[in-house]
Amino acid sequence: EDYQEKLKTLDRLITELKAGLKSPDASDEDKNKLKDEVALLVKKKQELLKERSRALEDQTTDARPEFQHGFGAVLQKFILLGEMRLFVKQNMEGLYVRTHPHTDFAWDGVVFVREGLYQGGIFKFRMLIPPTYPDACMPRVFFQSNLFHPRVHEITGELDISKYYTAWTPETDRLWHVLKYVHRMFGKIDADNAVNEGAAAVYRVSQDAFATPAQRCVKSSQNVAFSKSANSLDLQPCPKYEQIRQAMFDYLTPPKSTHLRANTSASNRQRLPSGSDAVTKAALTARTAQLVASMVQKEEPESITLKKYLRQSLGAASLTTDIRLADNECAGVVTYYEHEEGEPVRRWLHLVCDSQQLLLFTNDRENEPVLELTATNVVRCYQPESGDARSSNIFYVITPTATVKFAALSTGGLHTWLSAIVYAASLHL
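Residues numbered from 1 in each chain as written. Predicted model: local features only at pLDDT ≥ 70, side-chain atom pairs only at ≥ 80, totals over all residues. Heavy atoms only, no water.

### Focus on the packing of aromatic side chains
Taken as a whole, this structure holds 16 aromatic pairs when the rule is applied. Look at tyrosine 336 and phenylalanine 406: their rings are 5.8 Å apart centre to centre, the planes differ by 35 degrees, and that puts the pair in the tilted class. Note that tyrosine 336 is positioned in strand E6 (residues 329-337) and phenylalanine 406 in strand E12 (residues 402-407), a separation of 70 residues in sequence. The residues tyrosine 336 and phenylalanine 406 share a single accessibility class, namely buried. Counting every residue linked through ring pairs, the aromatic cluster contains Tyr118, Phe123, Phe125, Phe143, Phe148, Phe186, Tyr203 and Phe210. A cation over a ring is seen here: arginine 380 above tyrosine 382, with NZ or CZ 3.7 Å from the ring centre. (Phe/Tyr/Trp six-rings, centres within 6.5 Å; stacked < 30°, edge-to-face > 60°. Helix = DSSP H or I, 4+ residues; strand = E, 2+ residues; numbered from the N terminus. Buried < 20%, exposed > 50% of the residue type's maximum accessible area, 1.4 Å probe, protein only. Lys NZ or Arg CZ within 6 Å of the ring centre and 35° of its normal.)

### Regarding a nonpolar patch on the surface
A cluster of nonpolar side chains, Val74, Leu75, Phe78 and Leu81, forms an exposed patch at the surface whose accessible area comes to about 420 Å². As for its placement among the helices and strands, valine 74 is situated in helix H3 (residues 73-90). (Patch = residues over 30% accessible without salt bridge, like charges linked within 9 Å, V, L, I, M, F, W, Y side chains within 5 Å. Areas by Shrake-Rupley, 256 points an atom, 1.4 Å probe, with all protein chains shown as cover. Salt bridge = Lys/Arg side-chain N within 4 Å of Asp/Glu carboxyl O.)

### Re the sheet that holds strand E2 (residues 106-112)
Read from one edge to the other, the open sheet built from 4 strands follows the order E1-E2-E3-E4, with strand pairing classed as antiparallel. Each end of this open sheet is capped by a strand with a single partner; those strands are strand E1 (95-99) and strand E4 (140-143). Pairwise comparison of adjacent strand axes, ignoring direction, gives a mean angle of 25 degrees for this sheet. Two elements, E2 and strand E3 (residues 122-128), share 7 bridges in a ladder whose sense is antiparallel. Residue pairing in the sheet places valine 111 in a bridge with phenylalanine 123 of E3. Docked against the sheet, H3 engages E1 and E2, running at close to 165 degrees with respect to E1. (Pairing = 2+ DSSP bridges. Axes fitted to C-alpha atoms, helices over the stretch in contact; angles between N-to-C directions. Contact = heavy atoms within 4.5 Å.)

### Thoughts on the nonpolar core
Ranked by size, the top nonpolar core spans 43 residues in total, and within it Leu351, Leu360, Phe395, Val397, Phe406 and Trp417 carry the most contacts. If one sorts the elements of this core by residue count, helix H12 (residues 411-425) sits on top with 9 residues. In contact with tryptophan 417, not counting residues within four places along its chain, are Ile323, Cys330, Ala331, Gly332, Val334, Leu349, His350, Leu351, Phe395 and Ala408. One finds Val113, Leu117, Leu175 and Val178 within the second-largest nonpolar core, a separate group that totals 42 residues. (Core = buried A, V, L, I, M, F, W, Y, C linked by side-chain atoms within 4.5 Å.)

### Considering the pattern of salt bridges
Applying the stated criterion across every chain, the model contains 10 salt bridges. Where arginine 114 meets glutamate 93, a salt bridge forms, and the shortest distance between an N and an O atom there is 3.7 Å. Within this pair, whereas arginine 114 is found in the loop between E2 and E3, its partner glutamate 93 is found in the loop between H3 and E1, the two being separated by 21 residues in sequence. Judged by relative accessible area, arginine 114 falls into the exposed class, the value being 51%. Across the pair aspartate 364 and arginine 324 runs a salt bridge, and its minimum N-O distance is 3.6 Å. Residue aspartate 364 is located in the loop between strand E8 (357-361) and strand E9 (371-374), and its partner arginine 324 is located in strand E5 (residues 323-325); the two are separated by 40 residues in the primary sequence. Among the ionic contacts, a cluster of salt bridges with common partners joins Arg324, Asp364 and Arg365.

Written out as structure tokens, the structure is:
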């Protein structure tokens, strides 16, 4: 609150002084003094923003936490491995989770929705585990594509579990309980005490009306599922899937005729499914392996730069004049919203893939950023679904401690920024 109050006071003083500069009664000497005062206040504001940014970054450092119950780092790792084993035992069909390759405190997951209003959805998510786990700290779940759901925050994509977990009890609560809720939330939709009141209102009025935005989210999730998002689960479409499936079906299907000739050849008799489940399973496994080997060729992914990645994924759209593009960096002018409802300002945004930093400067001549974000901390980067946001090329960058709102100067610039930030966030996954 103190930070917000200081920021508002500085904004008000800067506005008043700028208005004084436009006064026809002000002398040149007075105007020069006003300019000096404005420059001083702007500098103070930048220092305040930098201080705030450092404070937020400090909250996500990997400093060794102090545990209420004295759990050491090794024991804590075994506890998290045990949590993963408990999840595997639940056998939640359609939900897959893995530990992040670079930290034990993030689990990346995907849920395949097979029925209901979200049928066909492939929703990627990340569960952030507090560094003091298993002490009384709530895990947080962020979905990484647009999700129109009463329990999911419209902007951040964070799942609200407060209704079921008013407090986290280490003795009884488990991480798989949260994942179980993720597994069930698409079939049994809870519209009470919603965090997204708009979605809850539509669901209460008509499920048929709710199905339209839900299916838009399904298409969005399918697009994100097979692209590089801030998620270490790398899904790849199988172009030969239908051929493999049909070949397996044909192999296991007996001939239509129920009257077999006496002189049936040995090869035809072998092709008939065996009465033994074990023999049938063995034949099916061997046949599947043959089909996969003959139809799917594995290729090692090529190491590419940011520039090459953008040109391959966006084509001509990556040639926008809004953004200066280098091999592993990009920079350009964006509109920055210091507050959700605040006045937008023009700023210089610079993404450095090697250090995975997203830096915001007052202009391209400044050396000290007014805002710093680490790309590996980005849990979501997206364009909102609303018409106003689309026409204004608005996009959000979400981290566990900050929600930052930008707007690109063009549609091509928007696609370039979204792709570049997601690329930088997934470099070391």
